[in-house]
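Each chain, letter by letter, is given below.
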Amino acid sequence: MTTSLNQHLWLGLSRVLRSHWLHPLNDADAWERLRVWMNPMWSRRDYPARVLDIIDETPDTRSFVLKPTARWPGHRAGQHVVVQVEINGRRVHRSFSLSSAPTPDRRLRITVKRQPGARVSGWLHEHVRIGDVLRLSAPTGRFAPAEGAAPLLLLSAGSGITPLMAVVEELHRRGDPRAIVFVHCCRTPTDFIFADRLRVLAAEWPNFELRVHYSASAGRFDVRQLSVLLHCQTLVCGPRALTQNVETLFLAAGVKDQVRSESYSGRVLPQGDATQESFGVHCSDTEQVFTARGDTSLLEAAEAAGLKPAHGCRIGICKTCQCTKRSGTALNLRTGEISSEPNELIQLCISVARSPLELAL
Amino acid sequence: MNDQKLSQYPALPPGSTMLKTKLTPQQLDQFQAELDALRSEVAADLGERDATHIRSVVREVRLNAVVGRGLLMFGFDPISFIVGVCALARAKILENMEVGHNVLHGQYDWMGDPTLNSQKYEWDIVCDSGHWRRTHNFEHHSYTNILGQDDDYGYGLLRMTGDQKWTWRTLLQPIWYALLAIGFQWGVAIQDLKLGRWFKGRMPKGELAERAAPFLKKARSQLYKDYVLFPLLAFWNFPRVLLGNALANLIRNLWTNAIIFCGHFTADAQVFTKAEVAGETRGGWYLRQIQGSSNLEGGRWFHLLTGHLSHQIEHHLFPDIPAPRYAEMAPRVRDICARYGIHYNSAGFWRQYGTVLWRILKYALPVERRPRLVDA
């Protein structure tokens, strides 16, 4: 009774505190800025997490052990978070799988492979030190093995091992009785992320079998040679080429529901010097689609297709037509800048498509 | 404009066309390429420094507002009243000029910070930011100083050039100007209502209500904040807070008005006709921005308090480049102008503002009335 009364009082009070009649005293942005300025762990937006430890897994891969605040909602093995970092004044967001299963001490781990030319992974490797604070989103994703008695196949390539490591830890923690085959593919033994941990598990856990394919010595990994493939509940994580291959095989065998996959795709690079080519543009907010030629501004192309995006000067000055490009590559005709990273702002009136695009329109 | 057309005009005031440099199409292209290159160079260099600057100004705005409002609320002596008013006025000036105006131009959109995003920011002034983006970012910055298209030229109230129509009420324009300066935030707030069209009955029914809705909402919240909420929180001190807030708003109005009028109404700032700008290239647009704008010279603090509109020329050339960069770009722009023989209009504040006030007085009289007239 008292708790519910307390709850009511608390809810009422917080509603009063957030009322627009008190603005600007309750300006949420200002209070957030003040809290973060005093201590980044006091942020009430996103989920701040302190870096407790940094582990070199391979020459180009590092794990960051993180301790989030009490507000952290908890995660399930196989989920990922969006990490927000600020690089030279610019906020950038990237998804990383959590490579650890939930533990009682509420520590998290993300494992980052340094990709040549990639801004965020390189920055995390170079700039993050023990004691720093990273900003995480809430965990998302439903990448986890199905319940049941069928044996499990975990298949990963390269840094695709990260969510599967969390899955393996979770299966081991709860003593899952199923037979588990873990197949991992990487270039050389030094590129094998989590090698020691997985070997220890394989030695002490009878129903866990580890197989590693080194492509530098054994050649390209061919998923069709995996005899257990279609007989197991399968989780696959790696480059899109691998996951698509596996999905196609399961689809052909009529057992598509036995596979779950997660893939990472790099940047969508421009497809040639395509001024004459046409590209599909998907407006994800309104679910409309139009075609844009490589030599026509996106604004003109959208208008020609009957759409009416907000616009003003049409010469790149006023930014009325600015919108977020979720994916794809666009060229700014005024500055010559190429935008190929996801979630960058582009001005429709002076931008042309250089690949299929997804816009927040 | 060809010679035959030019001859239809009565004698032009000396200087006014001399200051309009004409470039050949080739020169104009080259001129455009040089300014484009300067823009690209600075845009590629944006980073940490600019982010730190704008965040520190936001912090300063909040600190000044807290100190100013605190002194007004809890003080009881005239000194804390004066300091409180100044701090609050400073907060409002910095917020409107260096943060609001510049953020709304999209100068900091590249940071990816939602609190500094041009489409989301709402500023501490009665002008709705959506209205501002249309009347200022689009209309004023695209059609700068084109008579009949740039409503900022005289605000539909003042005759600042002989090309604008003179009527008997123009005689009283020094008074109109004083009223506009005192209530400047209200002047810009109602700009997008297009009351001129409404008075003449040229606006479809219902359009005014639609246009006024965001303005009324914004005005209500601003009036409530400064004249209800904060005075009430001060209990018995409420008259003091009420008066202090009104004075802070007045100081901000007078200051922003003076700075903004120096941007396009100084003696040498040129006006353009629709015919003149037909078929204008980006180089031509750059040229018009330079010839229609004027700079103010001063120290670092002066530039900051003007939101770097003291570099009006650079701002009009590169409206989406973070404003503190204008100071670095100015010598290069000046050098480019010198090489193309383009007049670069720059002087101290009092000198420039003096010429603005002189124009207001001079054109109140029926001088330089020309055949092709545009409504004042």
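Enquirer: Give me the lowdown on the overall build of chain B, citing residues and values where you can.
Expert: On a plain count of helices and strands, chain B comes out with 15 helices and 2 strands. Its C-alpha radius of gyration of 21 Å places chain B within 12% of the 21 Å reference for a compact globule of 376 residues.

Enquirer: Got a sec to walk through the confidence of the model for chain A? Specific residues and values, please.
Expert: Mean pLDDT over chain A stands at 91; residues scoring 70 or higher make up 97%. Long-range and interchain partners of residues 267-271 of chain A, a stretch whose pLDDT sits below 50, account for 14 contacts in this model, where long-range means more than four residues apart.

Enquirer: So what's going on with the packing of helix α9 (residues 207-233) of chain B against helix α10 (residues 238-264) of chain B? Residues and values would help.
Expert: All names here are of chain B. Running from N to C, α9 and α10 point in directions that differ by 145 degrees, and their axes come no closer than 8 Å. Both α9 and α10 take part in a crossing whose hand is right-handed. Only Phe 238, Val 241, Leu 242, Asn 245 and Asn 249 of α10 make contact with α9, whose side of the interface consists of Asp 226, Tyr 227, Phe 230, Pro 231 and Leu 232. Its residues assigned to classes, the contact of α9 with α10 shows 7 nonpolar, 2 polar and 1 charged.

Enquirer: Explain helix α4 (residues 161-173) of chain A to me, and be specific about the residues and the numbers.
Expert: Residues and elements named next belong to chain A. Given a rise of 1.5 Å per residue, 13 residues ought to cover 18 Å, and the 18 Å separating the end C-alpha atoms of α4 matches this to within 8%. Those residues of α4 that fall on the buried side of the exposure criterion are Ile 161, Thr 162, Pro 163, Leu 164, Met 165, Ala 166, Val 167, Val 168, Glu 169 and Leu 171. Positive phi appears at Gly 175, one or two residues downstream of α4, with a value of about 60 degrees.

Enquirer: Lay out the sheet that holds strand β17 (residues 344-347) of chain A in plain terms, naming residues and giving numbers.
Expert: Residue and element names in this part refer to chain A. Read from one edge to the other, the open sheet built from 5 strands follows the order β13-β12-β19-β14-β17, with strand pairing classed as mixed. The sheet is open, and its two borders are formed by β13 (288-293) and β17, each paired with just one other strand. Averaged over neighbouring strand pairs, the angle between their axes works out to 40 degrees when direction is ignored. Here strand β12 (residues 278-283) runs beside strand β19 (residues 357-359); their pairing, made up of 3 bridges, is parallel. Each bridged residue has a counterpart across the sheet, and for His 282 the counterpart in β19 is Glu 358.

Enquirer: Explain the domain arrangement of chain A to me, and be specific about the residues and the numbers.
Expert: Buried accessible area, meaning the area lost when the parts come together, often serves as the stated size of an interface. Residues and elements named next belong to chain A. Per the domain assignment, the segments making up chain A are domain 1 (20-136), domain 2 (152-264) and domain 3 (278-359). Spacing between the C-alpha centres of domain 1 and domain 2 amounts to 27 Å. Listed per partner, the contact involves 14 residues of domain 1 and 14 residues of domain 2. At the level of secondary structure, the elements contributing two or more residues to the side of domain 1 that touches domain 2 comprise β1 (47-58) and β5 (108-113). A breakdown of the residues in the side of domain 1 that touches domain 2 according to their chemical character gives 4 nonpolar, 8 polar and 2 charged.

Enquirer: Lay out the interface of chain B and chain A in plain terms, naming residues and giving numbers.
Expert: Between chain B and chain A, the residue contacts involve 25 residues of the former and 18 residues of the latter. By residue number, the principal contributor to the side of chain B that touches chain A is helix α5 (residues 129-142) of chain B, which donates 6 residues. The residue makeup of the side of chain B that touches chain A, split by class, is 7 nonpolar, 9 polar and 9 charged.

Enquirer: Report on the pairing of strand β2 (residues 61-68) of chain A, specifying residues and quantitative values.
Expert: All names here are of chain A. The buried count for β2 comes to 6 of 8 residues, which makes it a mostly enclosed element. Here β1 pairs with β2 via 8 bridges, running antiparallel. For Val 51, the partnering residue across the bridge sits in β2 and is Leu 66. Connecting β1 to the antiparallel partner β2 that follows it, the hairpin turn spans 2 residues. Alignment of β2 against β5, held across 6 bridges, turns out to be antiparallel. When the sheet's bridge partners are listed, Leu 66 is paired in β5 with Leu 108.

Analysis parameters
- Residues numbered from 1 in each chain as written.
- Chains lettered and ligands numbered in written order.
- Predicted model: local features only at pLDDT ≥ 70, side-chain atom pairs only at ≥ 80, totals over all residues.
- Helix = DSSP H or I, 4+ residues; strand = E, 2+ residues; numbered from the N terminus.
- Rg over C-alpha atoms; globule rule 2.2 N^0.38 Å.
- pLDDT = per-residue confidence, 0-100.
- Contact = placed C-beta atoms within 7 Å.
- Axes fitted to C-alpha atoms, helices over the stretch in contact; angles between N-to-C directions.
- Left-handed = near helix turned anticlockwise from the far one by under 90°.
- Nonpolar A, V, L, I, M, F, W, Y, C, P; charged D, E, K, R; others polar.
- Expected span 1.5 Å × (residues − 1).
- Buried ≥ 20, exposed ≤ 12 C-beta atoms within 10 Å, placed from the backbone.
- Pairing = 2+ DSSP bridges.
- Domains from an automatic or database assignment.

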